[in-house]
Amino acid sequence: MSDITTRDEQTFALRLDRWGGDLRDAVAELYADPDEVVRRLLDVAARRYAERPAELHLLDERRLLEPDWLQQPRMFGYACYADRFAGDLAGIADRLDHLADLGVTYLHLMPLLATREGDNDGGYAVTDYRSVRPDLGTTDDLRDLATRLRVHGISLVVDLVLNHVAREHAWAERARAGDAACRDRFLVFPDREQPDAYERTLPEVFPDFAPGSFTWDEELAGWVWTTFNSWQWDLNWANPDVLVEFADIVLELANLGVEVFRLDAIAFLWKRLGTDCQNQPEVHAITQALRAVTRIAAPAVAFKAEAIVGPRDLVQYLGLGRRAGRVSDLAYHNSLMVQVWSMLATGSVTLARHALQALPPAPTTATWIGYVRCHDDIGWAIDDGDAAAVGLDGTLHRRFLSDWYAGEFPGSWAHGLVFQANPATGDRRISGTAASLLGVEDDADAALARLFLAHAVVAGWGGIPVVWSGDELAQPNDPRWADEPAHAADNRWAGRPRLDPERAARRHDTGTVAGRAFTGLAHLARVRAGLPQLHASAPSEVLDGTDDGVLATARRHAAGPLVGLYNVTGTPRPFPVHRLHEAGLAAPYDALGGHPVTSGADGVVWLPPYAAWWVVDGPPG
């Protein structure tokens, strides 16, 4: 630790005292020689701490003084591909007004690190974690952008692909050249005996264009584990060299100004024979080790788990039991996203009410990422037990949702595309923009009402709501998604359109579809920022006994209660006002609509079609 000056030694020592135990405990779960691995990790932390710029040390102190910064209601997210939003990193700085107008305080830029040429899974086949894609700029451009964003109160979020690297990564190239140490950083087998044994319980991620989970490599003279594509080699996290390298990568990027890392494909990191090799306990130990090292060197940095897993496994990524407060700070609320789409298709909240009630509570120090959709397809993660509990067949309901959002079910308004249909399992995922999935091509008024409602459910749940690029302008599917050869076989690109400059220019014109969508979502962000009840530490409780077309949620906070009322149907639906009084609302007031909530003599208020109300006690002050 000789790189640390005397002036900083005390700060580093205090952090080591605070998080060193978390680091040692996690490493001891993973490796046979934990003391040596901890020593290597602390050397990395000390070196990167000494190199950290002064303005980022100041940010560290600010974050330590506000440990709940990610939970604040002012947090409002936006996610995009840098090139599709603004051409390159420098272009994003030129479009900060667009983000500011929307109320964005959290900007997730999709994979921007150096990747392989040609097909690269949308940037998730990384060749160099320490370089930016040349078409987007340089690491200096990344540092400059992070600085500009920070000045404007926007935190930069970047993807960190943990499960695999590109076949062209330096480790893979050296492994093929005979470097035994690099070969051991991957999972390589000389014959099919072990791969066949693993594949008896492994699901296929991309059965259409990447069947199986292993690829024969002639130069390697072995079968290498490739969960996603033949040119994405899974890393061997049982090798401590992998952990040490990624700790250094995290801290190098953090010193450029990255504030949040999206831990991509985190569920897949640890392999265990006889399982689906997802959600293994060691995954959480790896996250705890990375987080502890990062807290010691750069405590302003947070981790977000990209764990698109079943409802019962999901909350583990925020930390339960002995992991509470020690793993990811953020995790995607995949279940909420799926239930939003299910409610809109069925016009019923019965399944969502049960499924969302059944989730274990999240730790009060962690935060959900809520979203209507992301860059990926939508997979129907409906739990069979949840479905059965409300009289549904899980398989049939998943099939219905696929048919509905593909526009194949009678009466459907959706214009989605089927992605990766698997006849063996019946799995049919769906691609498309939010506007097209909600029917903007046929009835813009109804689609915009659904668009606002869906985002209001997410923004009112708690955590950080994130809008996917283009959805704030109600952009439809990209009709030319297949024109680029690298995308021709992947219809997820239909839902990843380049930001339409004409729509963006009309974002404040409420006489246009784009303007109505933008001003609506900006209104959500603005109202949300002024409601302390939406601090993420206050959990959302789903209320029973409501009309089956109305999702009702309650949040209890020291500043007062908030009841969310969401009509998921196209017809008016009733809600008894006495339920609001019982929740502690003496003078119910819809903060979103800006009006008192009153009823007639029968004590019932009627929510208009697709209405979204955030009901508080009197006008928010």
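Engineer: Honestly, the overall build of the protein in this entry has me stumped. Any pointers?
Structural biologist: The secondary structure content of the protein amounts to 22 helices and 25 strands. The C-alpha atoms of the protein give a radius of gyration of 24 Å, which matches the 25 Å a tight globule of 621 residues would have. Classification of the 621 residues of the protein by burial places 61% in the buried group. The long-range fraction of contacts in the protein, counting pairs at least 24 apart against all pairs at least 6 apart in sequence, stands at 71%. Accessible surface, the protein: about 22600 Å² in total, of which carbon and sulfur atoms supply 51%. Once the 58 positive and 86 negative side-chain charges of the protein are each reduced to a mean point, those two points are 3 Å apart.

Engineer: Looking at this model, I keep getting lost on the sheet that holds strand S18 (residues 540-542). Mind explaining?
Structural biologist: Backbone hydrogen bonds hold the strands of a sheet together, and the pairing may be parallel or antiparallel. Sheet architecture is open: six strands sit in the order S18-S19-S20-S25-S22-S23, paired in antiparallel fashion. In this open sheet, the two edge strands, each paired with only one partner strand, are S18 and strand S23 (595-596).

Engineer: Whenever I open this one, the pairing of strand S14 (residues 367-371) confuses me. Can you help?
Structural biologist: In summary, the side chains of a regular strand alternate between the two faces of the sheet. For S14, the buried fraction is high: five of the five residues fall into the buried class. Every second residue of S14 is oriented toward a common face, with Thr 367, Ile 369 and Tyr 371 on one face and Trp 368 and Gly 370 on the other, all of them buried. Bridge count between strand S13 (residues 330-332) and S14: three bridges; the pairing is parallel. When the bridges of S14 are listed, Ala 331 appears paired with Trp 368. Pairing of S14 with strand S17 (residues 464-468) involves three bridges; the strand directions are parallel. Pairing of Ile 369 across the sheet is with Ile 464, part of S17.

Engineer: In this structure, what is going on with the nonpolar core? I would like to understand it.
Structural biologist: Side chains of a nonpolar character, in soluble globular proteins, are inclined to be buried together. Judged by nonpolar contacts, the single largest core of 190 residues is most densely connected at Tyr 78, Leu 89, Phe 186, Trp 237, Phe 261, Tyr 405 and Trp 614. Listed in part, the 17 residues of the second largest apolar core include Leu 565, Phe 575, Leu 585 and Val 605.

Engineer: In this structure, what is going on with helix H19 (residues 444-461)? I would like to understand it.
Structural biologist: Two residues of an α-helix separated by three or four positions point the same way, owing to the 3.6 residues in each turn. When the terminal C-alpha atoms of H19 are compared, their 26 Å separation across 18 residues agrees well with the 26 Å that a helix rising 1.5 Å per residue should span. Within H19, 14 of the 18 residues are buried, which leaves it mostly tucked inside the rest of the structure. Two to three positions downstream of the cap, the backbone nitrogen of Asp 445 sits 3.3 Å from a side-chain oxygen, assigning the N-cap of H19 to Asp 443. Of the residues trailing H19, Gly 462 is marked for its positive phi of about 120°.

Engineer: How should the environment of Trp 237 be read in this particular structure?
Structural biologist: Relative to the elements of secondary structure, Trp 237 occurs in the loop between strand S10 (232-234) and helix H11 (240-254). With sequence-adjacent residues up to four places away left out, Trp 237 is seen in contact with Tyr 31, Leu 162, Val 242, Leu 243, Phe 246, Leu 269, Trp 270, Ile 286 and Leu 290. At 2.9 Å, the side chain of Trp 237 and the backbone oxygen of Leu 162 are in polar contact.

Engineer: Looking at this structure, how should I read the pattern of salt bridges?
Structural biologist: Opposite charge on two side chains permits pairing when their charged atoms draw close. Scanning the entire structure with this criterion turns up 56 salt bridges. Among the salt bridges present, the one from Arg 143 reaches Asp 140, with a minimum N-O distance of 2.7 Å. Here Arg 143 and its partner Asp 140 are both found in helix H7 (residues 139-151), three residues apart, which amounts to about one turn of the helix.

Engineer: When you look at the packing of helix H14 (residues 334-346) against helix H17 (residues 394-405) in this model, what are you seeing that I'm missing?
Structural biologist: When two helices pack together, their arrangement is given by the angle between the helix axes and by the axis-to-axis distance. Interhelical geometry of H14 versus H17 gives an angle of 75° and a closest axis separation of 10 Å. What the angle tells us is that H14 and H17 run roughly perpendicular. Within the contact between the two elements, H14 uses Trp 341, Ser 342, Leu 344, Ala 345 and Thr 346 and H17 uses His 397, Phe 400, Leu 401, Trp 404 and Tyr 405. Classifying every residue of the contact of H14 with H17 by side-chain character gives seven nonpolar, three polar and no charged.

Engineer: Whenever I open this one, the sheet that holds strand S7 (residues 188-189) confuses me. Can you help?
Structural biologist: Sheet architecture is open: three strands sit in the order S7-S9-S8, paired in antiparallel fashion. Strand pairing shows two members of the sheet lacking a second neighbour, S7 and strand S8 (214-217), which therefore form its edges. Sheet topology note: the S8/strand S9 (residues 222-225) ladder contains four bridges and is antiparallel. Opposite Asp 217, over in S9, you have Gly 222 as the bridge partner.

Engineer: Whenever I open this one, the side chain of Arg 492 confuses me. Can you help?
Structural biologist: One can find Arg 492 in the loop between S17 and helix H20 (501-505). Reaching out from Arg 492, the side chain makes a polar contact with the side chain of Asp 121 at a distance of 3.5 Å. In contact with Arg 492, other than residues within four places in its own chain, are Asp 121, Phe 206, His 375, Asp 376, Asp 377, Phe 419 and Ser 431.

Engineer: In this structure, what is going on with the side chain of Thr 227? I would like to understand it.
Structural biologist: In this fold, Thr 227 is placed in the loop between S9 and S10. A polar contact is formed between the side chain of Thr 227 and the side chain of Trp 225, at a distance of 3.2 Å. Only 2.6 Å separates the side chain of Thr 227 from the side chain of Asp 234, close enough to count as a polar contact. Excluding its chain neighbours within four sequence positions, the residues that come into contact with Thr 227 are Asn 163, Val 205, Gly 212, Ser 213, Asp 234, Phe 268 and Lys 271.

Engineer: Even after reading the chapter, I still don't get the packing of H11 against helix H12 (residues 281-297), so can you show me in this structure?
Structural biologist: Contact pair H11 / H12: the axes reach a minimum separation of 10 Å and the direction vectors enclose 40°. By the criterion of interaxial angle, the relationship of H11 to H12 is oblique. Of the two elements, H11 crosses H12, and the hand of that crossing is right-handed. Contact with H11, carried on its side by Leu 243, Phe 246, Ala 247, Val 250 and Leu 251, involves Ile 286, Ala 289, Leu 290, Val 293, Thr 294 and Ala 297 of H12 and no other residues of that element.

Engineer: Would you mind going over the state of the cysteines with me for this structure?
Structural biologist: Cysteine pairs can be covalently joined through their sulfur atoms, and such a bond is termed a disulfide. For the structure on display, the rule yields zero disulfides. Cys 80 forms no disulfide, and the closest cysteine sulfur to it belongs to Cys 374, at a distance of 14 Å. According to the relative accessible area criterion, Cys 80 is buried, its value standing at 1%.

Engineer: Honestly, unusual backbone geometry in this entry has me stumped. Any pointers?
Structural biologist: Of all residues except glycine, most have a negative phi; of all peptide bonds, most are trans. Its identity as a non-glycine residue notwithstanding, Asp 121 has a phi of 55°, on the positive side. Following the sequence through the fold, Asp 121 ends up in the loop between strand S3 (113-115) and strand S4 (126-132). The phi dihedral of Ala 265 falls on the positive side, at around 55°, and the residue is not glycine. Structurally, the position occupied by Ala 265 is in the loop between strand S11 (260-264) and H12. Residue class for Ala 265 comes out buried when judged on its relative accessible area of 3%.

Engineer: What am I meant to see in the packing of aromatic side chains here?
Structural biologist: What describes a pair of aromatic rings is the distance from one ring centre to the other and the angle between the planes of the rings. Applying the stated criterion across every chain, the model contains 23 aromatic pairs. Of the aromatic side chains, those joined through ring pairs into one cluster are Trp 341, Trp 380, Phe 400, Trp 404, Tyr 405, Phe 409 and Trp 413. Stacked on the ring of Trp 413, the Lys or Arg Arg 450 has its end atom at 4.0 Å from the ring centre.

Scoring rules and cut-offs
Residues numbered from 1 in each chain as written. Predicted model: local features only at pLDDT ≥ 70, side-chain atom pairs only at ≥ 80, totals over all residues. Heavy atoms only, no water. Helix = DSSP H or I, 4+ residues; strand = E, 2+ residues; numbered from the N terminus. Rg over C-alpha atoms; globule rule 2.2 N^0.38 Å. Buried < 20%, exposed > 50% of the residue type's maximum accessible area, 1.4 Å probe, protein only. Contact = heavy atoms within 4.5 Å. Areas by Shrake-Rupley, 256 points an atom, 1.4 Å probe, with all protein chains shown as cover. Lys, Arg positive; Asp, Glu negative; His and termini not counted. Charge placed at Lys NZ, Arg CZ, Asp CG, Glu CD. Pairing = 2+ DSSP bridges. Core = buried A, V, L, I, M, F, W, Y, C linked by side-chain atoms within 4.5 Å. Expected span 1.5 Å × (residues − 1). Polar contact = N/O pair within 3.5 Å; in protein donor to acceptor, adjacent residues only side chain to side chain. Salt bridge = Lys/Arg side-chain N within 4 Å of Asp/Glu carboxyl O. Axes fitted to C-alpha atoms, helices over the stretch in contact; angles between N-to-C directions. Parallel < 35°, antiparallel > 145°, perpendicular 65-115°, else oblique. Nonpolar A, V, L, I, M, F, W, Y, C, P; charged D, E, K, R; others polar. Left-handed = near helix turned anticlockwise from the far one by under 90°. Disulfide = S-S within 2.5 Å. Phe/Tyr/Trp six-rings, centres within 6.5 Å; stacked < 30°, edge-to-face > 60°. Lys NZ or Arg CZ within 6 Å of the ring centre and 35° of its normal.

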